[in-house]
Amino acid sequence: MSLAEQLAQRLSELDCPDILLESRTQEQIIQYLLLIEKWNKRYNLTAVRTIEAMLYQHIMDSLSVVTHLYGPQVVDVGTGAGLPGIPIAIARPDWQVTLIESNQKKAAFLQQVKIQLDLANITVVAQRIENTIIEKIINSIISRAYASLSTFIQTTRHWVAPGNDQCRWIAMKGNCTHQELKEVMAPFYVECKIPLIVPGLSAKRELVVIRQSIKPVAPVQNNQE
């Protein structure tokens, strides 16, 4: 079975936006995989070496989260080779996806992907996460194999105003331990854990969704009786 046939079959098994079933979109995904394979020989973008393994471990894994995200402003921290941000941007061309990657070579790769795939809805930021300033109102901050939940929150919380409960921090995990979940401290809390089914992968995958609580407001006293 060809790579294109494998992709089409697996996408049909996935709960995903209809645009991913279009041939033009699938061609973009294959082009992205070919770019990773090409650049990987020089810049070590990923430890996964074969393009077929990349299809399942990177592309399908990334696309499995799309229906659980909130848009239109999404930030992917520590994106590396653009995962999951680029597959998200391909699946949701109506959203704006910011990719943050401090490694200059990987950032150069992301810029090349943006140009060659004509992805006008992505922005590449070649800076350390804690030094990055984002002035947009963010709907989702996502990470994949980036850090512990506590580090994830602490390095990105400056992008979201205190008391803003509309933004969600979404961590892609293999198996998040109870101890790591306990690291999420007030005013942040774990809203839910979502099990993921990734076509072609048997390994456990889940999303940990975190929100920031709103401080309770004292009731207004009515002095007129």
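Residues numbered from 1 in each chain as written. Predicted model: local features only at pLDDT ≥ 70, side-chain atom pairs only at ≥ 80, totals over all residues. Heavy atoms only, no water.

### Considerations on the overall build of the protein chain
Across its full length, the protein chain holds seven helices and seven strands. By the compact-globule yardstick of 17 Å for 225 residues, the protein chain fits well, its C-alpha radius of gyration being 19 Å. Its C-alpha atoms give the protein chain principal-axis dimensions of roughly 75 × 35 × 35 Å. Residue burial in the protein chain is summarised as follows: out of 225 residues, 49% are buried. Considering only contacts within the protein chain whose residues lie at least 6 apart along the sequence, 68% involve residues at least 24 apart. (Helix = DSSP H or I, 4+ residues; strand = E, 2+ residues; numbered from the N terminus. Rg over C-alpha atoms; globule rule 2.2 N^0.38 Å. Buried < 20%, exposed > 50% of the residue type's maximum accessible area, 1.4 Å probe, protein only. Contact = heavy atoms within 4.5 Å.)

### Focus on the sheet that holds strand S4 (residues 140-144)
In spatial order, the strands read S3-S2-S1-S4-S5-S7-S6; together these seven strands make up an open sheet with mixed pairing. The sheet is open, and its two edges are formed by strand S3 (122-125) and strand S6 (188-196), each paired on a single side. On average, each strand axis in the sheet is inclined to that of its neighbour by 20°, with strand direction left out of account. As paired elements, strand S1 (residues 73-77) and strand S2 (residues 96-100) share five bridges and run parallel to each other. Within the sheet, the bridge partner assigned to Val77 lies in S2 and is Ile100. (Pairing = 2+ DSSP bridges. Axes fitted to C-alpha atoms, helices over the stretch in contact; angles between N-to-C directions.)

### Thoughts on the pairing of S2
Of all five residues in S2, four are buried, a share of seventy percent or more. Taking the sense of rotation as the criterion, the β-α-β connection linking S1, helix H4 (residues 85-91) and S2 turns out right-handed. In this structure, S2 lies alongside S3, joined through four bridges in parallel fashion. Among the inter-strand pairings, Ile100 is bridged to a residue of S3, identified as Val125. For the crossover that starts at S2, traverses helix H5 (residues 104-116) and ends in the parallel S3, the hand is right-handed. (Right-handed = clockwise from strand over helix to strand, strands pointing away.)

### A closer look at the confidence of the model for the protein chain
Regions with low pLDDT carry predicted coordinates that are not meant to be interpreted in detail. For the protein chain, the average pLDDT comes to 92, and 95% of its residues sit at 70 or higher. Confidence drops under a pLDDT of 50 for residues 216-225, and excluding neighbours within four residues, the segment shows zero contacts in the predicted structure. (pLDDT = per-residue confidence, 0-100.)

### Structural notes on the pairing of strand S7 (residues 205-212)
Of all the eight residues making up S7, seven are buried; the element is thus mostly covered by neighbouring parts of the structure. When strand S5 (residues 168-173) meets S7, the two strands line up antiparallel, connected through six bridges. Looking at the pairing, Arg168 lines up with Arg211 of S7. Note: S6 against S7, eight bridges, orientation antiparallel. By the bridge assignment for S7, Pro195 is matched with Glu206.

### Looking at the pattern of salt bridges
If you walk through the whole model with that rule in mind, you get ten salt bridges. Residues Arg128 and Glu130 are paired through a salt bridge, measuring 2.7 Å at the closest nitrogen-oxygen approach. A relative accessible area of 49% places Arg128 in the partly exposed class. Salt-bridge contacts for Glu206 lead to Lys193; the nearest nitrogen and oxygen are separated by 3.8 Å. Pair noted here: Glu206 is in strand S7 and Lys193 is in strand S6, with a separation of 13 residues, a long-range link. By sharing partners, the salt bridges in this structure join Asp165, Arg168, Glu191 and Arg211 into a single network. (Salt bridge = Lys/Arg side-chain N within 4 Å of Asp/Glu carboxyl O.)

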